[in-house]
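Letter by letter, the chains look like this.
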Amino acid sequence: QKELNKYNKSNPDIESVSCAVRKDSGDDPDITNGILVYSKVSRIKSGIVLDGGIGVGRVTKPGLDQPVGNAAINRVPRQMILREVEEACEMYGYDGGIKIEISIPQGVELAKKTFNPNLGITGGISILGTTGIVEPMSEQALIDTIKTEINMHIAQGEKVLLVAPGNYGQDFLLNTLNIELKRSIKCSNYIGDTIDMVCDAGAEAMLL
């Protein structure tokens, strides 16, 4: 506490600090491997606020992990970030407010290569995760994305879900049936998992 008080007195005008870490995805085939993830922490009057900056997507449609208007930082990463900040404040006896802003400058361009435009997440990529530990060659990440897309369609009131294994199926829906790509869900090879998830989501029917 003495060191913190000394620092505050000698740096009265410093209201925020920022740092970055370079992501290492290990063996996971992740387009975000090697990108810089920035965290900016600012003083505020009270409370702890977490938000997304440049390159972190913003939710525009219901049915996702976060409500419309929120930064696309999912529940578990939010809990992890807030817990670490709370522990740091407690460790150094800081009782003021903190605002945390997560930014990924490359996220704006990377988002174009992800499912985010289909999910109604605009302006960047999502902050996902369940443990904070990278799993080698994770297939679960793709299955979780399909589940998220199913839930989004259900939240928009759709009762019959259109599913295609890949681009050929979606092209058929668009060119032959005049159904927009955003109406269909791409399931890749995970057809069985997708059928289970469609049933669990409460859809009345599914067209493959």
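To be clear, the structure that these remarks concern was listed above.
All figures in this text were calculated on a predicted structure; none of them were measured in a lab.

Caption draft 1: How the structure looks around the overall build of the protein chain. Secondary structure assignment for the protein chain yields 7 helices and 11 strands. In the protein chain, of all internal contacts separated by at least 6 residues, the share reaching a separation of at least 24 is 64%. Working note: accessible area of the protein chain is about 12700 Å², and carbon and sulfur atoms make up 54% of it.

Caption draft 2: Seen up close, the nonpolar core. Formed by 15 residues in total, the largest nonpolar core has its most connected members in Val56, Ile73, Ile100, Ile102, Ile104, Ile125 and Ile127. If you list the elements that add at least two residues to this core, you get helix H2 (75-91) and strand S6 (97-103). Ranked by the residues each element gives to this core, the list is headed by S6, at 3 residues. Discounting residues that sit within four places of it in the chain, Ile102 has contacts with Val37, Tyr38, Ser39, Leu50, Asp51, Gly52, Gly53, Val56, Ile73, Ile81 and Ile127. In terms of nonpolar packing, the next biggest core, distinct from the first, is built from 11 residues, Leu161, Val163, Ile185 and Val198 among them.

Caption draft 3: Local environment of helix H5 (residues 140-155). Its 16 residues place the ends of H5 22 Å apart at the C-alpha level, agreeing with the 22 Å of an ideal helix rising 1.5 Å per residue. Considered for burial, the residues of H5 that qualify are Ile143, Thr145, Ile146, Glu149, Ile150, Met152 and His153.

Caption draft 4: A look at the packing of H5 against helix H7 (residues 191-201). Following both chains from N to C, one finds H5 and H7 inclined at 35°, their axes separated by 10 Å at the closest point. Between H5 and H7 the crossing geometry is right-handed. Note on element contacts: H7 touches H5 through Asp193, Thr194, Met197, Val198 and Ala201, opposite Ile143, Ile146, Lys147, Ile150, Asn151 and Ile154. Among the residues forming the contact of H5 with H7, the class breakdown is 7 nonpolar, 2 polar and 2 charged.

Caption draft 5: A look at unusual backbone geometry. Positioned with a positive phi, Asn178 is a non-glycine residue whose angle comes to about 55°. With respect to the secondary-structure elements, Asn178 resides in the loop between helix H6 (167-175) and strand S10 (184-186). The backbone of Ser188 sits at a positive phi, close to 55°, despite the residue not being glycine. In this fold, Ser188 is placed in the loop between S10 and H7.

Caption draft 6: The arrangement of the sheet that holds strand S11 (residues 205-207) in detail. Taken together, the 3 strands give an open sheet; going across it, the order is S10-S9-S11, and neighbouring strands pair in parallel fashion. On the outer flanks of this sheet lie S10 and S11, each paired with one strand and no other. Within this sheet the neighbouring strands show an average axis-to-axis angle of 35°, counted without direction. The sheet contact formed by strand S9 (residues 160-164) and S11 spans 3 bridges and is parallel. Counted as the bridge partner of Val160 is Ala205 from S11. Across the sheet, H6 lies against S9 and S10, angled at about 170° from S10, the strand it touches most.

Caption draft 7: Region of interest: the sheet that holds strand S2 (residues 36-44). The 4 strands lie next to each other as S1-S2-S6-S3, forming an open sheet whose pairing is mixed. Edge strands, defined here as strands with exactly one partner in the open sheet, are strand S1 (16-22) and strand S3 (48-52). Each neighbouring strand pair of the sheet contributes to a mean axis angle of 20°, computed without reference to strand direction. Across 5 bridges, the pairing between S3 and S6 is parallel. Within S6, the residue paired with Gly52 across the bridge is Ile102.

Caption draft 8: View of the side chain of Ser126. For Ser126, the location among the structural elements is in the loop between strand S8 (124-125) and H5. Polar side-chain contacts of Ser126 include one of 3.2 Å to the side chain of Asn116. Setting aside residues no more than four positions away along its own chain, Ser126 makes contact with Ala72, Asn116 and Ile121.

Criteria and cut-off values
Residues numbered from 1 in each chain as written. Predicted model: local features only at pLDDT ≥ 70, side-chain atom pairs only at ≥ 80, totals over all residues. Heavy atoms only, no water. Helix = DSSP H or I, 4+ residues; strand = E, 2+ residues; numbered from the N terminus. Contact = heavy atoms within 4.5 Å. Areas by Shrake-Rupley, 256 points an atom, 1.4 Å probe, with all protein chains shown as cover. Core = buried A, V, L, I, M, F, W, Y, C linked by side-chain atoms within 4.5 Å. Buried < 20%, exposed > 50% of the residue type's maximum accessible area, 1.4 Å probe, protein only. Expected span 1.5 Å × (residues − 1). Axes fitted to C-alpha atoms, helices over the stretch in contact; angles between N-to-C directions. Left-handed = near helix turned anticlockwise from the far one by under 90°. Nonpolar A, V, L, I, M, F, W, Y, C, P; charged D, E, K, R; others polar. Pairing = 2+ DSSP bridges. Polar contact = N/O pair within 3.5 Å; in protein donor to acceptor, adjacent residues only side chain to side chain.

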